[in-house]
Amino acid sequence: MKVKKAVIPAAGLGTRMLPATKSIPKEMLPILDKPAIQYIVEEAVNSGIEDILILTNRGKNAIEDYFDFAPELEESLLKSNKTSFYDSVRAPAGLANILFQRQKETKGLGHAVWCAKSFVGNEPFAVLLGDDIMVGDVPVTKQLIDAAEKYKAAAVGAQWVSDDAVEKYCSLKIEELEKKVFKVFDVIEKPPPEKKFSNYAILGRYVLTPDIFDILENTPPGHGGEIQLTDGLCTLCKQSDMVAVDFDAKRYDTGNLVGFMEATIEFGLKHPEVGPWLREYFK
Ligand code: UTP
């Protein structure tokens, strides 16, 4: 199972980051000097992905512009000998073969993934949520691809989360196959406490088979009236094999204020110039 394609759903409304996200896509909010979505594209590329489809909507042209060249700006940077800025401005366009598609209606994550059907064709593919940054030695998408290849199964990224987080995300019914890899039997979206299977929840990364498209097409709107990817996964794990990988990485949900601040501070502390200044500042 070779996974060469990835889908990045970035068409959500970003209501948790309003009012900033009224006119700026939340995926373009910077974590230090790079927009959040660049970290995600880099993770995909470092996992062996060659073709990436980013799902956007009407207000998100800035994402498309960011992964394009900017001839006037580049020329001006070259003229003034700002070569490192020039390199950083050119880099995003060369990261991978990046395509864009609009999700014309914000009908949920499951619907956004379904929109990628013709891009994906008949191959397994990765899904990386556009606002979840993962930091680990091995890219999380690569950890999932390795498990998907080993078990010839779909794979979801998961971690043990608090009771509150289970109610916010989802809950997996699983059985251990080896250290940190589990077989998935069932999954429920945003369960009330009495309905949860475990405190393992899916967090932001998936390797799926194209079977998911027919499933999503027949998945009715679920929680919040949206077509939920989790509901589709619930069907997929019952009709074919699925594993959950308890990935080694720290996750930052940059789509909410606390996660965004956490990423900004922790990335800042690790930055060669900003780090020493930030430590002094906190003193
Ligand atoms: P989120 O729920 O985190 O994003 O969806 P959101 O809807 O933008 O956030 P809030 O709740 O309004 O603040 C998870 C991912 O799915 C994408 C989002 O862009 C995000 O990357 N998504 C969600 C879509 O692409 N389309 C949708 O219809 C919904």
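Use the structure listed above.
Criteria and cut-off values
- Each chain carries its own residue numbering, running from 1 in the direction its sequence is written.
- Reporting of local features is limited, given that this is a predicted model, to residues whose pLDDT is at least 70; pairs of side-chain atoms are given and counted only at 80 or more, and all residues count toward the totals for whole chains, interfaces and linings.
- Side-chain measures here rest on the full set of heavy atoms in the structure, leaving out hydrogens and waters.
- Think of a salt bridge as a Lys or Arg side-chain nitrogen and an Asp or Glu carboxyl oxygen that are within 4 Å of each other.
- Per the convention used, a helix needs a DSSP run of H or I reaching at least four residues, while a strand needs a run of E reaching at least two, with both numbered from the N terminus.
- Accessibility here uses a 1.4 Å probe with only protein chains present; expressed as a share of the type maximum, an area under 20% marks a residue as buried, one over 50% as exposed, and anything in between as partly exposed.
- Think of a patch as exposed residues, more than 30% relative accessible area, with no salt bridge, where like charges cluster within 9 Å and nonpolar side chains (Val, Leu, Ile, Met, Phe, Trp, Tyr) cluster within 5 Å.
- All accessible-area figures derive from a Shrake-Rupley calculation using a 1.4 Å probe, and residue coverage is judged against the displayed protein chains alone.
- We call a residue near a molecule or strand whenever a single non-hydrogen atom of that residue lies within 4 Å of it.
- As a working rule, the residues Ala, Val, Leu, Ile, Met, Phe, Trp, Tyr, Cys and Pro are called nonpolar, Asp, Glu, Lys and Arg charged, and the rest polar, with Gly in that last group.

Draft legend 1. Fine view of the pattern of salt bridges. Per the counting criterion, the structure on display carries 26 salt bridges. Of the charged contacts in the structure, one is a salt bridge between Arg205 and Glu43, with a shortest N-O distance of 2.8 Å. Taken together, the positions of Arg205 in strand 11 (residues 200–208) and Glu43 in helix 1 (residues 36–46) put the pair 162 residues apart, joining distant regions of the chain. Of the residues examined, Arg205 reaches a relative accessible area of 0% and is grouped as buried. The salt bridge involving Lys79 is made with Glu75; its shortest N-O contact spans 3.4 Å. With Lys79 and Glu75 both in helix 3 (residues 71–79) and four residues apart, the pair spans about one turn of that helix.

Draft legend 2. Expanded view of a nonpolar patch on the surface. A contiguous nonpolar patch, built from Trp277, Tyr281 and Phe282 and spanning about 420 Å² of accessible area, is present on the exposed surface. In this structure, Trp277 sits in helix 12 (residues 274–282).

Draft legend 3. Examining the site of the ligand more closely. Taken together, 19 residues surround the ligand, and among them Gly14, Thr15, Arg16, Gln103 and Gly108 come closest. Coverage of the ligand by the protein chains reaches 83% of its 570 Å² of free accessible surface. Grouping the constituent residues of the shell around the ligand by class yields seven nonpolar, seven polar and five charged.

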